[in-house]
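# Descriptive structure summary
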Amino acid sequence: MNPRYPVFIPSKGRWESRYTVRSFDKIGVPYTVFVEAQEYDNYSAVIDPARLHILPHQNKGLVVTRNYIWDYAESLGVKKYWTFDDNIDGFFRFNRNKRIQVTDGTFMYLAEDFINRYENVPIAGFQYWMFGITSLTNAITKPFILNTRVYSNMLIDTFAKDPDGKPYRNEGFYNDDTDLCLRVLKDGLCTILFYAFLIRKITTMTVSGGMTPHYQGDGRYKMALELQRKHPDE
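Description of the structure in this document.

So, on to empty space enclosed by the protein. Applying the stated criterion across every chain yields a total of three cavities of 30 Å³ or more. As for the largest cavity, its lining consists of 15 residues, of which Arg66, Thr83, Met154, Ile156 and Asn170 are closest to the centre. Residues that form the lining of the largest cavity fall into these classes: eight nonpolar, four polar and three charged. Estimates place the volume of the second largest cavity at around 40 Å³. Considering the residues around the second largest cavity, the lining is formed by Ser11, Arg14, Arg18, Tyr19, Thr20, Val21, Val33, Tyr43, Ile47 and Asp86.

Structure (structure tokens):
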């Protein structure tokens, strides 16, 4: 069983590693990779060109790409869509303190089925693999937790709007996923983070490409400062 909603992967400088692409290929889940024109030849040499979408911009950062993908989903008229970072190395079922690698897209379909019961959950996603340990906290024994951050993967309500009727979009340059979750929660809506299923994300700054160049040097400080300035009340 595969997800009912489309799966989108923004990618930059990672045609060699292709962690997320390989992970989806392994379980047979279809996807579209969004790449910049100057890197298309590199990606098309290792990924079916039918799975590639050329972005209309270059070197503008992940937020611009994520918003392009959001607009693209809206143009397709899809109710929801998935977006995954390009450094995800596998998907797992977490049950009875065991992390068991999944073999198809059923876990995504089940997450969609659960989220579709509610009208106030514009953002959902899967917890990181390294946090799937029941000894850390009793909360982790639950299949999901409410109203927290969702990182590196999201099931997004394409047409979600804030209380003023403005469509949600990503903002800033760094850690836009944290900012988006905070804005959604401050607006009185909910997020859901699944523990029943997990993603194994490669540690930030250990893979070349993506946002790694922007996190180097004082990048992490700039990231924290940007978030603090946007949410001084947190």
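Let us look at the side chain of His57. Position of His57 relative to the elements: it lies in the loop between strand 3 (52-54) and helix 3 (62-76). His57 sits in the buried class, given a relative accessible area of 8%. A polar atom in the side chain of His57 sits 3.0 Å from the side chain of Thr65. In this structure His57 touches Glu36, Val64, Thr65 and Tyr68, once residues within four positions along its chain are discounted.

Turning to the packing of aromatic side chains, a few remarks are in order. Applying the stated criterion across every chain, the model contains 24 aromatic pairs. Note on Phe8 and Tyr72: the rings are 5.7 Å apart at their centroids and 65 degrees apart in plane angle, and the pair reads as edge-to-face. Of this pair, Phe8 sits in strand 1 (residues 7-10) while Tyr72 sits in helix 3, and the two are 64 residues apart along the sequence. Here Phe8 falls in the buried class, since its relative accessible area comes to 2%. The class for Tyr72 is partly exposed, based on a relative accessible area of 24%. Between Phe92 and Trp129 the ring centres are 6.1 Å apart and the planes differ by 50 degrees, which places this aromatic pair in the tilted class. A residue pair is termed long-range when its members are at least 10 positions apart, and Phe92 in strand 5 (residues 88-95) and Trp129 in the loop between strand 7 (123-128) and strand 8 (144-146) qualify at 37 residues. With relative accessibility at 4%, the residue Phe92 sits in the buried group. Exposure remark for Trp129: the relative accessible area of 26% places this residue in the partly exposed category. Linked through ring pairs, Phe24, Tyr31, Trp82, Phe84, Phe91, Phe107, Phe114, Tyr118, Phe126, Phe144, Phe194 and Phe197 together constitute an aromatic cluster. Here the basic side chain of Arg149 rests over the ring of Tyr128, its NZ or CZ set 5.9 Å away from the ring centre. It is Arg149 that lies over the ring of Tyr151; its NZ or CZ is 4.5 Å from the centre.

Analysis parameters
Residues numbered from 1 in each chain as written. Predicted model: local features only at pLDDT ≥ 70, side-chain atom pairs only at ≥ 80, totals over all residues. Heavy atoms only, no water. 1 Å grid on protein atoms, 1.4 Å probe; cavity = no way out; pocket = protein on both sides within 12 Å on 5 of 7 lines; lining within 4 Å. Points joined across faces, edges and corners; volume = space filled by probe spheres on them. Nonpolar A, V, L, I, M, F, W, Y, C, P; charged D, E, K, R; others polar. Helix = DSSP H or I, 4+ residues; strand = E, 2+ residues; numbered from the N terminus. Buried < 20%, exposed > 50% of the residue type's maximum accessible area, 1.4 Å probe, protein only. Polar contact = N/O pair within 3.5 Å; in protein donor to acceptor, adjacent residues only side chain to side chain. Contact = heavy atoms within 4.5 Å. Phe/Tyr/Trp six-rings, centres within 6.5 Å; stacked < 30°, edge-to-face > 60°. Lys NZ or Arg CZ within 6 Å of the ring centre and 35° of its normal.

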